[in-house]
Amino acid sequence: PTSKSKKKTMSGPIRAGVYGPREDVDKTSVDYPAVKVRYASYEQIEKRALIHQQDSGDITKDFLKYDEVPQITNFSRSSMPPGQSVDRHVHESKYEIFEVLSGSGEFCVWEIGADANAKPKETFPLEKDVVVTVGPKEPHSMRTLEDSDGPLVMTYIGIVAPEK
């Protein structure tokens, strides 16, 4: 084969299991910022604790981290064992989208500005093929049911909210 027909390869790893685009690809378009990640292998990515629950143990892997694709804060997968929860918290300036891959749990959303003793305004069952979305400043929490058949496995993405 000639050099023109040779397959181009990815650049070196950015971090374990995550690779950037080829070095000769510096922009996807002259009008938009380039992506920094081209390929990520779940099996090779290092685990970490949940940011909101540092005592969660290493249950999350990040396919994408902040600013590796413009406007995306993260694209991650978490595997929460039965009985584990993520306490109520808010994100001041991002949307989150969660997709349940397996397991079962519960997702709660409170009114914006609700005090600590308020009851959730919405509660959703988490089960395979369910998607839940929350917006900036919406308090939310989630938990895996004690009797879940295995961990609650979810892929989730954070998206920077547009400026007002």
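Residues numbered from 1 in each chain as written. Predicted model: local features only at pLDDT ≥ 70, side-chain atom pairs only at ≥ 80, totals over all residues. Heavy atoms only, no water.

A. Up close: the overall build of the protein. Across its full length, the protein carries zero helices and 13 strands. Going from N to C terminus, the protein has its helices and strands arranged as β-β-β-β-β-β-β-β-β-β-β-β-β. For the protein, the proportion of its 164 residues judged to be buried stands at 36%. In the protein, 63% of the contacts between residues at least 6 apart in sequence involve partners at least 24 apart. With an accessible surface of roughly 10,200 Å², the protein has 51% of that area assigned to carbon and sulfur atoms. (Helix = DSSP H or I, 4+ residues; strand = E, 2+ residues; numbered from the N terminus. Buried < 20%, exposed > 50% of the residue type's maximum accessible area, 1.4 Å probe, protein only. Contact = heavy atoms within 4.5 Å. Areas by Shrake-Rupley, 256 points an atom, 1.4 Å probe, with all protein chains shown as cover.)

B. Fine view of the sheet that holds strand E4 (residues 47–48). The sheet built from six strands is open, its strands ordered E4-E5-E6-E13-E8-E11 with antiparallel pairing. Every other strand in the sheet has two partners, leaving E4 and strand E11 (131–134) as the edge strands with one partner each. In this structure, E4 lies alongside strand E5 (residues 60–64), joined through two bridges in antiparallel fashion. Residue pairing for E5: arginine 48 is matched across the bridge by threonine 60. (Pairing = 2+ DSSP bridges.)

So, to be careful, I would describe these as geometric facts and stop short of saying anything about function.
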